[in-house]
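Spelled out, the chains give:
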Amino acid sequence: MKHSLKTPPTRRSFLASVGAATGLLGLSPRNIFAQTPPVQTGQIPTGTQSDWHLNVTRQSITIDGKTLNAPTVNSTVPGPVLRMKEGENISISVTNHLTEETSIHWHGLRVPAHMDGVPGLSFHGIAPGETFTYRFPLKQSGTYWYHSHSNMQEAQGLVGALIIDPATPDPLSCERDYVVVLGEWTDVSPAEIVSNLKMQDDYYNFRQRTTASLPAQSQHDGGAIPALKSRLMWSGMNMSATDISDVSGVIYTYTLNGIAPHTGWEGIFQAGERIRLRFINSATMTLFDVRIPGLEMMVVAADGNPVEPVPVDEFRIGVAETYDIIVQPHENRAYTLFAQSEDRTGYALGTLTPHTGIRAPIPAMDSRPVRTMADMGMDMDGMDMSDMASMPGMDMTTHHTPMPPHHHMAGMKMDKMDMSSMPGMDMKSMHHGHHMHMMPGMHMDGMGNMPMHSMDMGHMSMSSDSKMQNAKSDTPPPRLEIDDPGPPPINVENQNIAAHPIDRLNDPGDGLAQNGRRVLTYKHLRALTPAPDQRPASREIILHLTGNMQRYIWGFNGRKFSESGPIRLQRNERIRFTLINDTMMEHPIHLHGFWSELENGQGAFNPRKHTIISQPGSKLSFLMTADEPGLWAFHCHLLYHMDLGMFRTVSVA
Ligand SMILES: [Cu+2]
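Residues numbered from 1 in each chain as written. Predicted model: local features only at pLDDT ≥ 70, side-chain atom pairs only at ≥ 80, totals over all residues. Heavy atoms only, no water.

This next bit is on the overall build of the chain. Secondary structure summary: the chain contains seven helices and 31 strands in total. Scored against the burial criterion, the 653 residues of the chain give a buried share of 59%. Within the chain, residue pairs in contact and separated by at least 24 positions form 79% of the contacts whose partners lie at least 6 positions apart. Accessible surface, the chain as shown: approximately 25800 Å² in total, 55% of it carbon and sulfur. (Helix = DSSP H or I, 4+ residues; strand = E, 2+ residues; numbered from the N terminus. Buried < 20%, exposed > 50% of the residue type's maximum accessible area, 1.4 Å probe, protein only. Contact = heavy atoms within 4.5 Å. Areas by Shrake-Rupley, 256 points an atom, 1.4 Å probe, with all protein chains shown as cover.)

Let us look at the sheet that holds strand β11 (residues 265-268). With mixed pairing, five strands are arranged side by side in an open sheet as β11-β19-β18-β13-β16. Two strands bound the open sheet, and with one partner strand each, they are β11 and β16 (315-317). For this sheet, the mean inter-axis angle between neighbouring strands, taken without regard to orientation, is 25°. Relative to β16, strand β13 (residues 288-291) runs antiparallel, the two being bridged by three bridges. Within β16, the position partnered with Val290 by the bridge is Phe315. (Pairing = 2+ DSSP bridges. Axes fitted to C-alpha atoms, helices over the stretch in contact; angles between N-to-C directions.)

The protein atoms that coordinate the copper ion are His587 (ND1), Cys636 (SG) and His641 (ND1), at distances spanning 2.0 to 2.1 Å. One chain supplies every donor to the copper ion, and in sequence these donors are spaced H-x48-C-x4-H. Taken together, the residues His587 in strand β25 (residues 587-591) and Cys636 in strand β30 (residues 630-636) connect sequence positions 49 residues apart. Cys636 shares its class with His587; the two are buried. (Donors = N, O, S within 2.8 Å, 3.2 Å for Na, K, Ca; no water.)

This paragraph deals with the packing of aromatic side chains. The tally for this structure, following the rule as stated, stands at 20 aromatic pairs. Between the aromatic rings of Tyr552 and Trp554, the centroid separation amounts to 5.6 Å while the plane-to-plane angle is 85°, which identifies the pairing as edge-to-face. You'll find Tyr552 and Trp554 in the same group, each marked buried. One aromatic cluster is present, built from ring pairs that chain together Trp106, Phe123, Phe132, Tyr134, Phe136 and Tyr146. (Phe/Tyr/Trp six-rings, centres within 6.5 Å; stacked < 30°, edge-to-face > 60°.)

One key point about sheets: their strands pair by backbone hydrogen bonds, in either a parallel or an antiparallel sense. The six strands lie next to each other as β10-β9-β12-β17-β14-β15, forming an open sheet whose pairing is mixed. On the outer flanks of this sheet lie β10 (253-256) and β15 (305-312), each paired with one strand and no other. Taking the axes of each pair of neighbouring strands and ignoring which way they run, one obtains an average angle of 25° across the sheet. Bridge count between strand β14 (residues 297-302) and β15: five bridges; the pairing is antiparallel. Across the sheet, residue Val299 finds its bridge partner in β15, namely Val310.

What follows deals with the pattern of salt bridges. Overall, the coordinates contain 37 salt bridges when judged by the stated rule. Between Arg110 and Asp627 there is a salt bridge, with its nearest N and O atoms 2.5 Å apart. Of the two residues, Arg110 sits in the loop between β5 (105-107) and β6 (131-137) while Asp627 sits in the loop between β29 (619-625) and β30, which places them 517 residues apart along the sequence. Its salt-bridge partner being Asp289, residue Arg344 comes within 2.8 Å of it at the nearest N-O pair. Here Arg344, found in the loop between β18 (335-341) and β19 (347-353), pairs with Asp289, found in strand β13; they are 55 residues apart in sequence, far enough to count as distant. You'll find Arg344 and Asp289 in the same group, each marked buried. (Salt bridge = Lys/Arg side-chain N within 4 Å of Asp/Glu carboxyl O.)

All right, on to the nonpolar core then. In this structure, Leu182, Leu277, Phe279, Ile292, Leu352, Phe634 and Tyr640 are the most contacted members of the largest nonpolar core, which totals 97 residues. In terms of residue count, the dominant contributor to this core is strand β9 (residues 176-185) (five residues). Leaving out residues up to four positions away in the same chain, Ile292 has contacts with Leu277, Met297, Asp313, Ile325, Val327, Tyr335, Thr336, Leu337 and Leu352. Counting residues in hydrophobic clusters, the runner-up holds 26 residues, among them Leu54, Trp106, Phe123 and Tyr134. (Core = buried A, V, L, I, M, F, W, Y, C linked by side-chain atoms within 4.5 Å.)

Here the focus is helix α2 (residues 190-199). All of the buried residues along α2 are Pro190, Glu192, Ile193, Val194, Asn196 and Leu197. Structurally, α2 contributes buried residues whose contacts are with α7 (639-643).

Our next topic: the pairing of β13. Neither face of β13 is exposed, since Phe288 and Val290 on one face and Asp289 and Arg291 on the opposite face are all buried. The pairing of β13 with β18 spans four bridges and is classified as antiparallel. When the bridges of β18 are listed, Asp289 appears paired with Gln340.

Note on placement: Ser122 falls in the loop between β5 and β6. In this structure, the C-alpha to C-alpha distance between Ser122 and Gly630, residues 508 residues apart in sequence, is 7.0 Å. Setting aside chain neighbours within four positions, we find Ser122 in contact with Ala113, His114 and Leu631.

Our next topic: unusual backbone geometry. At the junction of Val77 and Pro78, the peptide bond is cis and its omega measures out at -10° in the coordinates. Within the secondary structure layout, Pro78 lies in the loop between β2 (66-73) and β3 (82-85). Within the chain, Asn557 stands out as a residue other than glycine whose phi angle is a positive 55°. Relative to the helices and strands, Asn557 is located in the loop between β22 (553-556) and β23 (567-569). Non-glycine residue Asn572 carries a positive phi angle of around 70°. The class for Asn572 is partly exposed, based on a relative accessible area of 40%.

On to the environment of Thr72. By secondary structure assignment, the location of Thr72 is in strand β2. For the pair formed by Thr72 and Arg58, sequence separation is 14 residues and the distance between their alpha carbons is 6.0 Å. What Thr72 contacts, discounting residues up to four positions off in sequence, is Asn55, Val56, Thr57, Gln59, Ile61 and Val77. At 3.4 Å, the side chain of Thr72 and the backbone nitrogen of Ser75 are in polar contact. (Polar contact = N/O pair within 3.5 Å; in protein donor to acceptor, adjacent residues only side chain to side chain.)

Looking now at the environment of Asp324. Of note, Asp324 is situated in strand β17 (residues 322-327). Residue classification places Asp324 among the buried positions, given a relative accessible area of 1%. Every residue in contact with Asp324, bar those within four places of it in the chain, is listed here: Thr143, Arg276, Leu277, Arg278, Met298, Val299, Val300 and Ala301. At a separation of 2.6 Å, a polar atom in the side chain of Asp324 contacts the side chain of Arg276.

Per-residue confidence for the chain averages 80 on the pLDDT scale, and 73% of its residues sit at or above 70. Low pLDDT, under 50, characterises residues 207-211; the predicted model gives this stretch 22 contacts beyond four residues in sequence or across chains. Contacts of residues 380-472 to residues separated by more than four positions or lying in other chains number 134 contacts, the stretch itself having pLDDT below 50. (pLDDT = per-residue confidence, 0-100.)

This is the structure:
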């Protein structure tokens, strides 16, 4: 059997190295930083500060029995919570006590390019022994974070929270305010992880479907034949439908504010108090699904920006995203903060409690998600309708968004519409036995309340929202120049093309649809204030997210970073980026230095984010204004995807 060849990665001789590291630290001048007062994790400093001095040093840190000589900021993992105030001029001196280069990137902050902290772009990095002072005016408020952009130091813990108070009194101020930094911890080095993934992409994935699971799968798929068919289809593509995360709980301990689940972080409250929790996913490779059983969570901010409050039971947080939520427990008891890894190989854990030491029940982990054909962006033509039931988002019962008034059915060419690319269609209301390819020519009357927002407009003659909106007014439509290299070739760097990518903004993500809980989707996010630039895009840049899982190569448009030049933007140009995910994995895509206005149908109130999860087989777009000159990074925030090619530069001049 394929997976019998795998052996769990050994911890090797880490005990010996701990001894060596500890001995060294005892003698090294570096232990002067042991004087740094310990940071109480999750606590936000009581006041803001505009002048900071940070020391990056190696420190022996043990979490869950796994010891690492980790790069740290002021000796802790995560580093100190920095609290600042909007409108102030900030100065942060970073001294590098490592024997290698370091850097700190201020994730989500709108700073001048040379203060963004990405070595090799507009910044040289911080050499060993050097102090670099970052200086920038703070033009925003909210929950952000910082991390190293050098040598995979981020994967070993060089991360921390950054909180910016608004210039005017915070309308969301609560009795309690905590930072919740989610992460992973391992004593396996990033280099070894990458080398194992290169050798075998599912190295850390021990739970593939086996013959033992066939009866259960048959029941789910409606018989042994469909189940086997599905398996053959996957094996024909040399892919595993359960390969959810590249790296898993096999080597990761999932942490909350740097604390392993068996210890568990604690946040104190009194019944009736409003508690603000600022979730930051600082992980290297793990998306988390967060809930607090017994409490409704009000999502009030995404990636630092306030949104219209959304009450949910659960939300997925991609790597590098942040969400602020408010909860108000009325009972005088403990509540578990439960953050399962997307692949369900483990969880990070914390407790909200009125008294220290009290614990609440820990929920069982959900079953692992299984990737579907929709994740592959496959055409459903000719597939039996019964197979569609298992597709994400196919059950309309959870989607009630009415048809926007300006979307009229008349005049649309139905024969060009790809019915398979419509998430949220209620198959039950159609006649059984009708195959998707029989849809052309059907009567419009029967379409009822079909959610037009979820149609893939790319298949129609109207190619963009702006075009449709402009059709209503007298102003001529702007010249929309489309920069599309077309589908990338299938080759060694690209394994798959999503022939029928779909809009998945109303899909909470694989494993979360129809779990009986109210789960946040991107469609729910609506900014509190309109975006400052309301110009339509004059240019659309289409990028495919591509990769070859077997070789563990990632890229944009079938090319690695090393083979791609910069994406050139003109200063103050208004741009639409369209992302088509040709792979079967989520990619949290991060554009440095600008707001990415996610086009989720909220128009002027589209949410402004710095990191956007692109779901497998999906197509989405965001608008941005190129208002800050310089060379900027644009990449997947799964660190090993970025490192192995899913990285571009954006040049604004
Ligand atoms: Cu990625």
